[in-house]
Number of protein chains: 2
Amino acid sequence: MHCINQNKIQMTDHNTPLAHHHISVDCVVVGFDGEQLKVLLLKRIIKEDGNEYHDMKLPGSLIYQDEDPDSAAQRVLEEQAGLKRMTLEQFKAFGSRDRTKNIKDVQWLERAIKMKVDRIVTIAYLSLVKISSSNTAFTAGGNELRWIPIDNPGELAFDHNIIINEALKRIRQSVSTDPIYLFQLLPHKFTALQLRTLFERIYGKALDVRNFQKKLKQMTYVVPLDEYEKNVAHRAARYYRFDKVEYNKTRR
Amino acid sequence: MHCINQNKIQMTDHNTPLAHHHISVDCVVVGFDGEQLKVLLLKRIIKEDGNEYHDMKLPGSLIYQDEDPDSAAQRVLEEQAGLKRMTLEQFKAFGSRDRTKNIKDVQWLERAIKMKVDRIVTIAYLSLVKISSSNTAFTAGGNELRWIPIDNPGELAFDHNIIINEALKRIRQSVSTDPIYLFQLLPHKFTALQLRTLFERIYGKALDVRNFQKKLKQMTYVVPLDEYEKNVAHRAARYYRFDKVEYNKTRR
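Just so we're clear, the structure is a prediction, and the values are computed from it rather than from any experiment.

Visitor: What exactly am I supposed to notice about the sheet that holds strand β10 (residues 222-228) of chain A here?
Guide: Note on sheets: strands pair through backbone hydrogen bonds, and any given pair is parallel or antiparallel. Residue and element names in this part refer to chain A. The antiparallel open sheet is built from three strands, whose spatial order is β9-β11-β10. The open sheet has two edge strands, β9 (190-191) and β10, and neither has a second partner. Looking at chain direction, β10 and strand β11 (residues 238-242) are connected through four bridges and run antiparallel. Across the sheet, P224 pairs through a bridge with Y240, a residue of β11.

See the structure below:
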């Protein structure tokens, strides 16, 4: 059984449990500004050979000695983005060796933590929040933060593009199981167009308007208000609100 | 702001990134024997003060230097349970400090890997398989394995009881989103009673028989066969099969 022997030889070379590795958390905070799904990213400054350049990354950190991953994720958002007591859902761990294939990422991290880095396993968290279209950039804890369109964030640090794609898959899955997740992203009053646009952004494809109107009527928990948009160039659209009591009735 | 200062002091004491920690994978393999949902566990032998005792644990292992977590999970099932090329879904990472609060677990692991263990972050995988009621115990790779009822597995190693509970939650969530997961657990031909029992085991409560019959009729992809049970004491029940083509039509 040559094949099996070969496997065994390979295993003997490499079957040492990992020692020089680290555990981190990364937070994917997603908002909807009425037109686009956006992810919260922070600017990373890299100094190399006297030059300074920058890119973007997810808020994240290695976890501390006495810290659980869930607490580390809360700390990260508070320290790096000024966001407190967020609702966070752990959605996936990323531990591929490829995570640290970009030498610049490794150098940046080793300089920051003053430690040798081999592999970093990160536990990724997702948070859905309400954002306004005006709130596109801010600073917190000495960091520059930006809301960037989730479908085109540019080339990010480490495997953060992959993490964001997986977060989007999780959002899709969650919305399919339970539409309540939609209303975590929408303002307290919203137009039918905003709800449809949100669906389209999550699923990455246009919805037929008539089908959507039918769907909206079936959603008895989306209640029309006697309020309309103001100061708009087009015909003022009606506002709706999410009715949680009605919603809970449909889920029994 | 006394409160904030206190936080800062705490952080200074403990804000060293973790160094003596390890990364493992654990596999929750779940099957349904027609009556109960069962999880695959292996016997762990603990030697202490000249005595030997044992308990049960999930198949699992620290990951190796050149191994990605997904490959480690496949290796674990092949090496420890003789199961090859399984369909595995990563469902959650567990990294609480409490994971190693039982000194016996730490001693057992330190003896096995000949290394100091502080914290182990484990990435947990789920696999749904078809099992037969006769196949309740077997050996593989020098391990004794058993299919144990998932709702009463006894006190397991580390936090494996918690991991199994989270796996059950994930199964519930997956079945709600997509009933195809049910048929991964059922034999190729199954009775209506088996399907109902499976629902009941997953949701942990009895279903009303009439409601279930209605539900069954709506599931156009559950197709009655012209075959009936044989050699049974009660009235022979009809067999059904899962029709994937029909199923795909309903999911469009």
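Don't stop here, the text continues.
Visitor: Help me understand the relation of the copies chain A and chain B in this model?
Guide: Superposing chain A onto chain B takes a rotation of 180° combined with a translation of 0.1 Å along the rotation axis, leaving an RMSD of 0.0 Å. Both copies of the chain, as the preceding transformation shows, are related through a two-fold rotation axis. Closest approach to the rotation axis within chain A is made by the C-alpha atom of T177(A), at a distance of 2.5 Å.

Visitor: How should the sheet that holds strand β11 (residues 238-242) of chain B be read in this particular structure?
Guide: Taken in spatial order, the three strands line up as β9-β11-β10 (chain B) in an open sheet, and their pairing is antiparallel. Here the strands that pair on one side only, and so sit at the sheet edges, are β9 (190-191) and β10 (222-228) of chain B.

Visitor: It is not clear to me how helix α4 (residues 160-177) of chain A should be interpreted in this structure. Could you clarify?
Guide: Each α-helix turn comprises 3.6 residues. Residues three or four places apart therefore point the same way. An ideal rise of 1.5 Å per residue puts 26 Å on 18 residues; α4(A) measures up with 26 Å between its terminal C-alpha atoms. The complete set of buried residues in α4(A) reads H160(A), I163(A), I164(A), E166(A), A167(A), L168(A), R170(A), I171(A), S174(A), V175(A) and T177(A).

Visitor: Can you walk me through the interface of chain A and chain B in this structure?
Guide: Bring the parts together and some accessible area is lost; that lost area is often taken as the interface size. On the side of chain B, 35 residues touch chain A, which itself brings 35 residues to the contact. Taking both sides of the interface into account, the surface hidden between chain A and chain B amounts to around 3,400 Å²; carbon and sulfur atoms contribute 56%. One salt bridge connects D68(B) with R119(A), and the closest N-O pair in it is separated by 4.0 Å. Breaking the side of chain A that touches chain B down by element, the ones donating at least two residues are α1 (2-14), β1 (21-32), α2 (69-81), β5 (89-94), β6 (119-130) and α4 of chain A. Tallying contributions element by element places α4(A) first for the side of chain A that touches chain B, with four residues.

Visitor: What's the story with the nonpolar core in this structure? I'm lost.
Guide: Generally speaking, soluble globular proteins have nonpolar side chains that are buried together. Ranked by internal contacts, the top residues of the largest apolar core, which has 44 residues, are V25(A), V29(A), I123(A), V25(B), V29(B) and I123(B). Not counting chain neighbours up to four residues away, the residues in contact with I123(B) comprise A93(A), V121(A), I23(B), S24(B), V25(B), D26(B), P69(B), Q90(B), K92(B) and A93(B).

Visitor: Before we go on, may I ask you to explain the packing of aromatic side chains in this structure?
Guide: The description of two aromatic rings rests on the distance between their centres and on the angle between their planes. Residues and elements named next belong to chain A. Tallying each qualifying case throughout the model produces 20 aromatic pairs over all chains. Centroid distance F183 to F190: 5.9 Å. Interplanar angle 40°. Geometry classified as tilted. Judged by its relative accessible area of 6%, F183 falls in the buried class. With a relative accessible area of 1%, F190 lands in the buried category.

Visitor: I tried to follow the pattern of salt bridges on my own but got confused; where do I start?
Guide: Oppositely charged side chains may form a pair once their charged atoms are brought near each other. Applying the stated rule across the entire model yields 36 salt bridges over all chains. For the salt bridge of E67(A) with R75(A), the shortest nitrogen-to-oxygen distance reads 2.5 Å. Take E67(A): its relative accessible area is 8%, and that puts it in the buried class. Here D243(B) and R241(B) are joined by a salt bridge, their closest N and O atoms 3.5 Å apart. Put simply, K43(A), E144(A) and R146(A) are held in one network by salt bridges that share partners.

What counts, and at which threshold
- Throughout, a residue's number is its position along its own chain's written sequence, starting from 1.
- Written order determines the labels here, with chains lettered from A and ligands numbered from 1.
- The model is predicted, so local features are restricted to residues of pLDDT at least 70 and side-chain atom pairs to those at 80 or more, both for listing and for counting; the totals for chains, interfaces and linings are taken over all residues.
- Note that water and hydrogens are dropped before the side-chain values are worked out from all heavy atoms of the structure.
- At least two DSSP bridges between two strands are required for those strands to pair.
- Runs of E in the DSSP output that reach at least two residues are strands. Runs of H or I that reach at least four are helices, and both are numbered from the N terminus.
- Each copy is superposed on the other by least squares, with the fit set by C-alpha atoms of residues at a pLDDT of at least 70 in both.
- By this rule, a helix spans an expected 1.5 Å times one less than how many residues it contains.
- Buried residues are those whose accessible area, probed at 1.4 Å on protein chains only, stays under 20% of the maximum for their type, while exposed residues exceed 50% and partly exposed ones sit between those limits.
- Residue contacts are defined here by distance: any two heavy atoms, one from each residue, within 4.5 Å place the two residues in contact.
- Two parts lose some accessible area (1.4 Å probe) when they are put together, and adding that loss for both gives the buried area.
- When a carboxyl oxygen of Asp or Glu lies within 4 Å of a side-chain nitrogen of Lys or Arg, that pair is called a salt bridge.
- To define a nonpolar core, start from buried Ala, Val, Leu, Ile, Met, Phe, Trp, Tyr and Cys residues and group those joined through side-chain atoms within 4.5 Å.
- Here a Phe, Tyr or Trp ring, Trp counted by its six-membered ring, pairs with any other such ring whose centre lies within 6.5 Å, and the pair is stacked when the planes are under 30 degrees apart, edge-to-face when over 60, and tilted otherwise.

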